[in-house]
Amino acid sequence: MQKLIAILCLSLIFSCGSDDSSKLTVKGQIKGLKKGTIYLKKANDSTLVTVDSLIVNGDSNFKLESNIEEPEVFYLELDKNDNDESQISFFAAKGVTEINTTLKNFVYDATINGSEQQDKLNDYRNMLTKFNNRYLDLIKENLEAMQNNDTIAVAKAQKESKNLEKRKYLYTANYAITIKDSEVAPYLALSELYNANIKLLDTINNSLTPKIKASLYGKKLQNFINDIKAEEQQ
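In this report, the structure presented in the accompanying data block is examined. (Residues numbered from 1 in each chain as written. Predicted model: local features only at pLDDT ≥ 70, side-chain atom pairs only at ≥ 80, totals over all residues. Heavy atoms only, no water.)

Taken together, the side chains of E116, D119, D123 and D181 define an acidic patch exposed on the protein surface. Here D123 is to be found in helix α2 (residues 116–147). Classification of D123 by relative accessible area gives partly exposed; the value is 45%. (Patch = residues over 30% accessible without salt bridge, like charges linked within 9 Å, V, L, I, M, F, W, Y side chains within 5 Å. Areas by Shrake-Rupley, 256 points an atom, 1.4 Å probe, with all protein chains shown as cover. Salt bridge = Lys/Arg side-chain N within 4 Å of Asp/Glu carboxyl O. Lys, Arg positive; Asp, Glu negative; His and termini not counted. Charge placed at Lys NZ, Arg CZ, Asp CG, Glu CD. Helix = DSSP H or I, 4+ residues; strand = E, 2+ residues; numbered from the N terminus. Buried < 20%, exposed > 50% of the residue type's maximum accessible area, 1.4 Å probe, protein only.)

Next up, the structure:
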């Protein structure tokens, strides 16, 4: 009888502990934050829903939690009790994700460490920053050329902008194919290439591993492609 009770107690301990295996914990610090509300959100259809929140009053450290079934994108939102709301998107998975940032530059100063999916998304975003910086340079060049009535320089800047956009599309597609065994691949196709040629989306979709095809974003990508093809046949 005593052995049976001991076994039951152990099973209860392990069953209680196993709940943590389906948890996402998001913790970190927002340097400079004294008062405000931090929200942890996720997408539900076309809207964002709050899964946890924390009122900050003096302590800039935070800890938020949510259940999570599979890797997906979550959002850390800061309400500073004014009209400005800032939002950080990150690829979450079971376990701990750490986000450290500042009040002054909530989005741009954010460093995110956690899931292997987030590591791949970080790599992509680092390269994307280079594309965006060059794009801003071209906007400046185009404006200066227009002010100087330099039609040749205007045409050159506009042509390079179009080429840069194509290069960004191709880089995104190639990167997605390279990480075909990651949930980040279909996510990038949906978030960055949604208006791309259907053949490009098909190429990415067909490269995905069976596991990723069956994931949240893998299914969404397949449905997205199916909808486009259905519209083209009408």
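Here the focus is the packing of helix α3 (residues 151–178) against helix α4 (residues 184–192). Running from N to C, α3 and α4 cross one another at 160°; their axes reach a closest spacing of 8 Å. Relative to α4, α3 is oriented roughly antiparallel. Crossing of α3 against α4: the hand is left-handed. Contacts between α3 and α4 involve Y169, T172, Y175 and A176 from the first element and A185, L188 and E192 from the second. Here the residues of the contact of α3 with α4 are counted per class, giving five nonpolar, one polar and one charged. (Axes fitted to C-alpha atoms, helices over the stretch in contact; angles between N-to-C directions. Parallel < 35°, antiparallel > 145°, perpendicular 65-115°, else oblique. Left-handed = near helix turned anticlockwise from the far one by under 90°. Contact = heavy atoms within 4.5 Å. Nonpolar A, V, L, I, M, F, W, Y, C, P; charged D, E, K, R; others polar.)

The next point concerns the side chain of T25. Its location among the elements puts T25 in strand β1 (residues 23–31). Its relative accessible area of 12% is what places T25 among the buried residues. Those residues in contact with T25, other than ones at most four positions away along the chain, are K63, L64, E65, G95, V96 and T97.

This part takes up the pairing of strand β2 (residues 35–44). Here ten bridges tie β2 to strand β3 (residues 47–57), and the two strands are oriented antiparallel to one another. Bridge pairing in β3 links K35 to N57. Pairing analysis gives six bridges linking β2 to strand β5 (residues 72–79), with the strands arranged antiparallel. Residue pairing in the sheet places T37 in a bridge with D79 of β5. (Pairing = 2+ DSSP bridges.)

Turning to the sheet that holds strand β4 (residues 61–67), a few remarks are in order. The pairing of strands in a sheet comes from backbone hydrogen bonds and takes either a parallel or an antiparallel form. Across the sheet, four strands lie side by side as β4-β1-β7-β8; this open sheet has mixed pairing. What marks the edges here is a single partner per strand, and that holds for β4 and β8 (111–113). On average, each strand axis in the sheet is inclined to that of its neighbour by 15°, with strand direction left out of account. Note: strand β7 (residues 95–102) against β8, three bridges, orientation antiparallel. Residue pairing across strands places I99 opposite I112, the latter belonging to β8.

Aromatic ring pairs are defined here through the distance separating the ring centres and the angle between the ring planes. By the definition in use, this model includes eight aromatic pairs. Ring centres 5.7 Å apart and planes at 70° place the aromatic pair F91 and Y217 in the edge-to-face group. Linking F91 in strand β6 (residues 85–92) with Y217 in helix α7 (residues 216–232), this pair joins segments that are 126 residues apart in sequence. In this pair, the class of F91 matches that of Y217, namely buried. (Phe/Tyr/Trp six-rings, centres within 6.5 Å; stacked < 30°, edge-to-face > 60°.)

Now for a nonpolar patch on the surface. Side chains of Y135, L136, I139, L143 and M146 sit close together on the surface and give an oily, nonpolar patch of about 470 Å² of accessible area. Inspection of the secondary structure assignment puts Y135 in helix α2. Judged by its relative accessible area of 38%, Y135 is partly exposed.

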